[in-house]
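# Fold and contact review
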Amino acid sequence: MKFTLSWLRDHLETDADLARIEEGLTAIGLEVEGIDDPARHLGGFVVGHVLDAEKHPNADKLKLCTVDSGAGIIQVVCGAPNARAGLKVILALPGTLIPHNGEVLKKGNVRGIESQGMMCSWRELRLSDDHDGIAELAADVPVGARLTEVLSFDPMIEISVTPNRADCLGVRGVARDLAAFGLGTLRPLKVEPVPGSFKSPIGVRLDLSAETLDACPLFAGRHIRGVRNGDSPQWLKDRLTAIGLRPISALVDITNFFTYDLCRPLHVFDAAKVTGDIRARLATEGETLAALNGKIYTLEAGMTVIADDSGPEALAGIIGGEHSGCTEATTEVFLEAAYFDPIRTAATGRRLEVLSDARFRFERGVDPAFVVPAMELATRMIIELCGGEASEPVIAGTEPDWQKSIVLRPERVAELGGVEVPAARQEAILNDLGCAVAEHDDGLLINPPSWRGDITAEHDLVEEVIRINGYDAIPQVPLPRSPMPKPVLTPGQRRAGWVRRQLAARGLVETVTWSFLPEAQALLFGGGAADMHLANPISSDLDVMRPSVLPNMITAAGRNADRGSRDLGLFEIGPQFDGPEPGQQRQVAGGIRAGRARGRHWAEAARAVDAFDAKADALAAIAAAGGNPDSFQVVAEAPAWYHPGRSGSLRLGNKPVAFFGEIHPGILGRLDVKGPVVGFELFLEALPQPKAKATKARPLLKASPLQPLERDFAFILDTAVAADAVVRAAKGADKALIADVTAFDLYEGANMAAGKKSLAITVTLQPVEKTLTDEEIEAVAGRIVQAVVKATGGELRG
Amino acid sequence: MQDLDRLRAEALAAVAAAGTLDQLEAARVAALGKKGTVSGLMKSLGGMGPDERKTAGARLNAARDDIAAALDSAKTALEAKALDERLGRERIDVTLPVRPESQGRIHPISQTIEEITAIFAQMGFVVAEGPDIEDDFHNFTALNIPPEHPARQMHDTFYFGERPAKSGDGAESTGGRHLLRTHTSPVQIRTMLRDKPPIRVIVPGRTYRCDSDMTHTPMFHQVEGLVIDETTHMGHLKGCLIEFVRAYFEVDDVPVRFRPSFFPFTEPSAEVDIGCSREGGELKIGPGAGWLEILGCGMVHPNVLRNCGIDPNRYQGFAFGMGVERVAMLKYGIPDLRTFFDSDLRWLKHYGFLPLDVPTLSGGLTR
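Everything numeric here is computed off the predicted structure, so don't read it as measured data. (Residues numbered from 1 in each chain as written. Chains lettered and ligands numbered in written order. Predicted model: local features only at pLDDT ≥ 70, side-chain atom pairs only at ≥ 80, totals over all residues.)

## Things to note about the overall build of chain B
The condition is simple: Helical segments are the DSSP runs of H or I of at least four residues, strand segments are the runs of E of at least two, and each set is numbered from the N terminus. Using C-alpha atoms as the atom set, the radius of gyration is obtained and then compared with a globule rule of 2.2 Å times the number of residues to the power 0.38. Note on contacts: residues are paired as contacts if their backbone-placed C-beta atoms lie within 7 Å.
Of the regular secondary structure elements, chain B holds 11 helices and 10 strands. Taken against the 2.2 N^0.38 rule, which gives 21 Å for 367 residues, the C-alpha radius of gyration of chain B at 42 Å runs more than 25% over that of a compact globule. Overall, chain B is about 125 × 50 × 50 Å in size when its C-alpha atoms are taken along their principal axes. By sequence separation, contacts in chain B at least 24 residues apart represent 66% of the contacts at least 6 residues apart.

Listed below in structure tokens is the structure:
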């Protein structure tokens with residue numbers, strides 16, 4: 001919403017300056033978005049007096065002027081034809097910023113003569129487009145005075161109006177709020193009916209049923225004949241230009257002016273082009289309207305139109321029709337002032353995608369009691385500016401019921417608003433806002449004004465009181481709190497936090513990627529079902545909810561590789577979407593590593609990332625989340641986006657909790673990312689919840705005083721035998737003595753028979769009661785070999 | 001025994017002369033070995049009378065101890081010398097690089113949410129979460145935004161397709177189109193439908209709007225807050241948020257301004273600005289000529305309470321919401337919103353946080 005300071009002063013009698021008004025607007029919730037004050041850039045300009053103007057000795061078209069700047073006499077070279085002795089001019093001295101070109105004026109030398117200043121045109125000050133010579137000031141302005149002291153400027157103010165405040169989409173509403181705030185007095189608005197001198201040849205009717213009467217409950221009109229639709233007067237053009245509207249013709253400008261001045265959109269029809277009565281009715285399916293914006297709209301049944309015998313002439317409350325629009329040739333007009341239903345107006349506007357100042361106001365709700373008064377005011381203005389005579393008014397329907405009575409208990413202002421406002425002050429504020437206030441057993445009985453449809457209940461009145469009283473006046477009170485706050489995270493949230501810090505500590509960089517991705521990628525990762533598509537994606541690249549956290553990270557690795565970072569590790573903790581219903585999502589900690597795990601180094605060989613890097617990340621994440629990695633079963637099965645032979649899952653019972661492995665090279669190819677890339681996905685909610693314990697005490701440490709010892713064994717096995725099977729068998733050989741079993745060497749190759757491999761394990765024995773004798777050690781070793789051979793069909797390597 | 005002094009002197013001389021550990025060992029064997037000179041004298045003690053043996057024994061023991069002590073110290077000296085010689089040959093180029101360890105980072109969004117959580121935890125707010133895919137009831141209707149409400153135009157909503165009507169849909173599930181939540185406020189509704197007052201929660205999470213330009217991304221993050229009890233009023237709202245803003249930005253004197261505003265789910269409503277200065281083109285949070293909008297808030301609308309089965313005549317409270325990226329950008333001087341979601345390693349390493357920089361109030365939020 002835009003207006004100028006002087007426009008505001010048409011409604012508000014105030015001595016507040018621009019700064020106070022700016023402050024006040026923001027304080028009452030009419031946030032100032034910008035102020036365009038020409039005077040802000042003109043502080044450096046002064047009034048000069050041309051004492052003498054002679055021809056420049058070296059140039060025919062230039063003049064050499066002697067100018068009194070008030071502070072001294074200077075010489076100025078000037079090319080303007082109107083530069084002449086005796087003129088009062090706008091003078092810029094060196095150092096002044098010239099608004100038109102944004103440059104700071106310097107002393108110049110023009111054709112061998114120094115010019116010590118510049119006499120400016122209106123355009124150079126950006127005050128108008130006028131560049132026909134230098135600006136001429138009134139003869140009586142004092143020499144040397146600041147320009148801002150002798151000229152008055154009209155600053156443009158732009159405010160943002162929240163959707164509940166339709167009344168402030170007119171300058172008068174803004175003025176009323178400021179007056180209530182104490183920044184002046186609202187000037188009275190005099191509505192004097194214009195007597196009609198003839199009966200309107202055009203009637204109005206509401207062709208609506210009882211059920212649809214809400215579409216347009218009141219329609220008022222008037223025929224005005226003998227008008228001359230020329231240019232608007234300068235003041236009106238200035239108003240409209242200042243807020244960025246193009247003056248068109250007096251009749252159109254008047255309707256635009258009412259829209260912004262009183263938040264009262266009107267329409268004028270060229271009466272000569274109207275056939276029969278004007279009526280409000282619902283459109284029938286497929287009717288069309290050629291609108292004033294040059295577009296043709298196909299209407300749907302139920303949209304409200306203003307029509308005559310020949311069809312729709314306007315889309316009610318939204319836009320007028322081309323056919324009956326006013327032109328310079330118009331001599332007879334039919335003025336429309338009506339009330340249109342906000343919801344229907346919004347629905348139609350949205351459906352047909354028409355944005356207009358009228359729609360913007362009707363859909364927020366214009367003043368239902370201001371229909372007929374607005375018609376009178378507009379009639380008067382048309383006659384004043386365009387001449388002519390008015391018919392008697394024609395009115396169909398009645399004012400919609402807007403009356404409300406609300407009880408305000410004054411103590412609620414402190415209870416809800418947190419600030420004590422005396423009842424008398426509450427009453428005064430509500431009065432100033434246009435409410436009728438009466439006594440009531442419980443406090444005050446308030447009748448909000450017709451233009452405040454947003455005030456419907458007591459809390460609305462509390463808001464009005466504290467808003468006008470000022471939010472600054474509300475004392476800040478600390479929120480009462482317990483002396484020692486309790487933990488606030490759920491176990492799941494804490495786990496996500498631990499996993500996040502653990503993965504970052506392992507060298508992975510956390511990223512946050514879109515929850516959506518292109519359909520083609522979703523399909524590669526088991527997603528892309530029809531019901532996971534957005535109906536209105538921002539682009540076809542982001543049209544499906546992600547079925548996995550991996551693809552976005554993999555493509556990110558590709559982008560980073562293009563920027564020269566080929567070796568990297570990323571992780572993300574976020575949702576994966578399994579279905580279209582709320583809650584069908586899982587929190588996943590996923591990560592990828594790409595390129596080399598170890599780059600070239602003088603002491604160690606370089607190494608590409610492999611599935612065990614991803615497995616290590618997954619296990620570390622599980623451990624960080626409080627899980628016991630040893631309790632998981634490792635199974636060589638993973639979803640199709642992993643390499644079929646180099647991937648696996650970590651399971652609890654039969655339930656996969658994590659996947660890890662090399663990303664399928666075919667998928668990398670489809671994503672246009674160079675491998676190798678490895679990754680993992682850990683489903684955080686699938687980890688068992690930690691049991692609530694009665695005590696935080698840990699089990700007693702049993703540290704044996706006896707030295708542990710290690711024995712190595714190598715087995716020849718079928719290549720299909722899993723290392724895990726060997727380790728489990730060995731562990732089971734003596735649960736009391738064997739503390740740990742680790743596979744430490746694997747050999748498959750030339751010295752082995754086909755289909756065989758050698759796997760070496762180291763077994764840690766922890767004596768519990770006494771040092772082991774050689775015989776006891778041999779006995780355990782024998783049991784270990786036996787157990788492994790039995791479980792795997794392998795043999796001890798000789 | 002007259003030989004003792006000579007033998008002792010010879011043995012000590014041999015120890016002193018030994019230049020290697022082998023020579024030293026030879027000297028030991030010669031004097032104290034089984035067949036050594038001093039050992040030989042020891043054996044002669046057996047043939048002496050008691051008095052003589054006592055005197056001679058004492059002298060002999062003293063001589064043996066002297067020699068043993070000399071052997072020990074000579075051995076220590078020779079070992080030290082040998083070690084010095086070995087270490088003198090061992091050299092590395094200490095300027096060579098260490099084995100590389102990659103350094104991970106925490107994303108600014110996660111870090112900022114943890115900072116915000118730490119502050120509100122101190123004020124007794126617990127953290128709640130909710131689904132990204134929402135239904136119309138939780139995202140709009142229950143929040144006092146009916147279908148034709150102009151406020152819906154403030155939300156550019158991502159919708160899914162029409163859903164097939166399913167039997168057993170409750171009153172809340174209308175069978176209409178689902179959407180991506182446009183704010184974290186639906187979690188207010190879920191919390192109030194589940195819990196009885198008093199309620200104090202904050203809700204961090206992903207939110208979505210169908211908007212993409214310099215200052216908008218289709219996905220972003222919010223933190224929502226909700227307090228419901230019998231007595232909380234606007235003064236508490238101001239107190240709570242001013243405390244938060246000062247703790248979060250770690251600027252004690254940052255001016256905070258509350259401006260009346262409008263949200264369908266709160267009444268009265270306010271927007272909160274913080275003071276800033278822009279001297280020399282650099283934005284600084286604190287006292288200054290400018291204001292920056294950082295959050296929206298207000299007293300929970302009675303209709304919202306009613307929609308959640310909470311009696312508005314008895315309970316009241318406030319709600320607030322802020323953009324995580326926005327407050328992170330302001331605090332950490334991150335210029336462009338869109339870069340948060342680019343996964344550009346250079347950006348992540350530059351603006352990201354070290355894994356051990358856990359924000360706490362006891363240690364300070366930010367290093």
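So, next bit.
## Notes on the overall build of chain A
Along the backbone of chain A there are 19 helices and 44 strands. Its C-alpha radius of gyration of 42 Å places chain A more than 25% over the 28 Å reference for a compact globule of 798 residues. Reported as C-alpha extents along the three principal axes, the dimensions of chain A are approximately 125 × 85 × 60 Å. Contacts spanning at least 24 positions in sequence make up 69% of the contacts within chain A whose residues lie at least 6 apart.

## As for the sheet that holds strand β13 (residues 156-160) of chain A
In a beta sheet, neighbouring strands are held together by backbone hydrogen bonds and run either parallel or antiparallel to one another. All names here are of chain A. Threshold: Paired strands are those between which DSSP finds at least two bridges. Fitting a line to C-alpha atoms yields each axis, with helices limited to the stretch in contact; the angle taken between N-to-C directions then spans 0 to 180 degrees.
What the three strands build is an open sheet, ordered β1-β13-β3; its pairing is antiparallel. Two strands bound the open sheet, and with one partner strand each, they are β1 (2-4) and β3 (31-36). Across the sheet, the axes of successive neighbouring strands diverge by a mean angle of 25°, strand direction being ignored. Direction of pairing for β3 relative to β13: antiparallel, over a ladder of five bridges. Its bridge partner lying in β13, Gly34 is registered against Glu158. Docked against the sheet, helix α2 (residues 18-27) engages β3 and β13, running at close to 155° with respect to β3.

## Digging into the interface of chain B and chain A
Keep this limit in mind: Amino acids are sorted into nonpolar (Ala, Val, Leu, Ile, Met, Phe, Trp, Tyr, Cys and Pro), charged (Asp, Glu, Lys and Arg) and polar (every other residue, Gly among them).
Contacts between the two partners involve 66 residues from chain B and, on the opposite side, 78 residues from chain A. Among the elements of the structure, α5 (108-122), β1 (126-127), β2 (133-134), α8 (234-249), β6 (256-263), β7 (266-277) and α11 (345-351) of chain B are those that each provide at least two residues to the side of chain B that touches chain A. Among the residues forming the side of chain B that touches chain A, the class breakdown is 35 nonpolar, 18 polar and 13 charged.

## Things to note about the domain arrangement of chain B
We count it as follows: An automatic or database domain assignment supplies the start and end points of every domain.
Domain annotation of chain B identifies domain 1 (4-89) and domain 2 (108-351). Centre-to-centre, using C-alpha coordinates, domain 1 of chain B lies 88 Å away from domain 2 of chain B.

## Quick word on the packing of helix α18 (residues 723-732) of chain A against helix α19 (residues 774-792) of chain A
All names here are of chain A. Inclusion rule: Roughly parallel refers to an angle under 35 degrees, roughly antiparallel to one over 145, roughly perpendicular to one between 65 and 115, and oblique to any angle outside these ranges. Note: crossing handedness is left-handed where the near helix turns anticlockwise from the far helix by less than a right angle, and right-handed where it turns clockwise.
Orientation of α18 relative to α19, taken along the N-to-C sense of each, is 140°, at an axis distance of 8 Å. By the angle between their directions, the pair α18 and α19 is classed as oblique. For the pair α18 and α19, the crossing hand works out as right-handed. In this structure, α18 uses Ala725, Val726, Ala729, Ala730 and Gly732 to contact α19, whose residues at the interface are Ile784, Ala787, Val788, Ala791 and Thr792. Taken together, the residues of the contact of α18 with α19 sort by class into eight nonpolar, two polar and no charged.

## Re the domain arrangement of chain A
Per the domain assignment, the segments of chain A are domain 1 (2-37 + 155-186), domain 2 (40-150), domain 3 (204-397), domain 4 (406-470), domain 5 (491-686) and domain 6 (709-796). Taking only C-alpha atoms into account, the centre of domain 1 of chain A sits 55 Å from that of domain 5 of chain A.

## Details of helix α15 (residues 550-562) of chain A
Rules: For a helix, the expected span equals 1.5 Å multiplied by the number of residues minus one. Counting other C-beta atoms within 10 Å of a residue's own tells you its class, since 20 or more makes it buried, 12 or fewer makes it exposed, and anything in between is partly exposed; those C-beta atoms are placed from the backbone.
Its 13 residues place the ends of α15 of chain A 19 Å apart at the C-alpha level, agreeing with the 18 Å of an ideal helix rising 1.5 Å per residue. Among all positions in α15 of chain A, only Leu550, Pro551, Asn552, Met553, Ile554, Ala556, Ala557 and Asn560 of chain A are buried.

## Some points on the environment of Pro410 of chain A
Residue and element names in this part refer to chain A. For Pro410, the location among the structural elements is in the loop between β27 (406-408) and α10 (411-417). Take Pro410: there are 20 C-beta atoms within 10 Å of it, and that puts it in the buried class. A C-alpha to C-alpha distance of 14 Å links Pro410 and Asn431, two positions 21 residues apart in sequence. Ignoring any residue separated from it by four or fewer positions in sequence, one finds Pro410 in contact with Ala423, Gln426, Gly443 and Leu444.

## What about the sheet that holds strand β33 (residues 568-577) of chain A?
All names here are of chain A. An order of β30-β33-β34-β40-β39-β38-β37 is seen for the seven strands of this open sheet, with the pairing classed as mixed. Each edge of the open sheet carries a strand with a single partner, namely β30 (509-510) and β37 (633-635). Taken together, the two bridges between β30 and β33 define a ladder with parallel strand orientation. Within the sheet, the bridge partner assigned to Val509 lies in β33 and is Leu570.

## Quick look at the confidence of the model for chain B
Residues and elements named next belong to chain B. The condition is simple: In predicted models, pLDDT denotes the confidence assigned by the predictor to each residue on a 0 to 100 scale.
Overall, the predicted model of chain B reaches an average pLDDT of 90, with 95% of residues at or above 70. When mean pLDDT is compared element by element in chain B, strand β5 (residues 219-229) scores highest at 97, while helix α3 (residues 37-44) scores lowest at 81. Confidence drops under pLDDT 50 across residues 168-174; counting only partners more than four residues distant or on other chains, this segment forms six contacts. This complex was scored by the predictor with a pTM of 0.87 and an ipTM of 0.88.

## Examining the packing of helix α5 (residues 234-242) of chain A against helix α6 (residues 250-262) of chain A
Residue and element names in this part refer to chain A. With their axes 10 Å apart at the nearest point, α5 and α6 run at an angle of 55° to one another. In terms of orientation, α5 lies oblique with respect to α6. Classified by chirality, the crossing of α6 by α5 is left-handed. Counted together, Leu236, Arg239 and Leu240 of α5 and Asp253, Asn256 and Phe257 of α6 form the full contact between these two elements. Within the contact of α5 with α6, the residues separate by chemical class into three nonpolar, one polar and two charged.

## A word on the pairing of strand β43 (residues 756-765) of chain A
Pairing of strand β41 (residues 709-718) of chain A with β43 of chain A involves 10 bridges; the strand directions are antiparallel. Its bridge partner being in β43 of chain A, Asp718 of chain A is matched across the sheet by Lys756 of chain A.

## Remarks on α18 of chain A
Residues and elements named next belong to chain A. Condition: Note that the arc is computed from the directions linking the helix axis to the C-beta atoms.
For α18, the complete set of buried residues consists of Val726, Ala729 and Ala730. The arc that holds the buried residues of α18, viewed along the axis, is 100°, so those residues lie on one side. Packing partners of the buried residues in α18 comprise β41, β42 (738-747), β43 and α19.

## Quick look at the environment of Arg452 of chain A
Residues and elements named next belong to chain A. Along the chain, the position of Arg452 falls in the loop between β29 (443-447) and α12 (458-469). Residue classification places Arg452 among the buried positions, given that 22 C-beta atoms sit within 10 Å. The sequence separation of Arg452 and Ile395 amounts to 57 residues, and the corresponding C-alpha distance is 24 Å.

## Structural notes on unusual backbone geometry
With an omega of 0°, the peptide bond between Gly675 of chain A and Pro676 of chain A qualifies as cis. Among the secondary structure elements, Pro676 of chain A is positioned in the loop between α17 (665-670) and β40 (677-683). The step from Glu267 of chain B to Pro268 of chain B runs through a cis peptide bond, and the omega angle for that step is -5°. Tracing the backbone shows Pro268 of chain B in strand β7.

## Here's the deal with the environment of Gln403 of chain A
Residue and element names in this part refer to chain A. Tracing the chain through its elements places Gln403 in the loop between β26 (394-397) and β27. Judged by local crowding, Gln403 falls into the exposed class, with 10 C-beta atoms found within 10 Å. Taking the C-alpha atoms as reference points, Gln403 and Leu759, 356 residues apart in sequence, are found 90 Å from one another.

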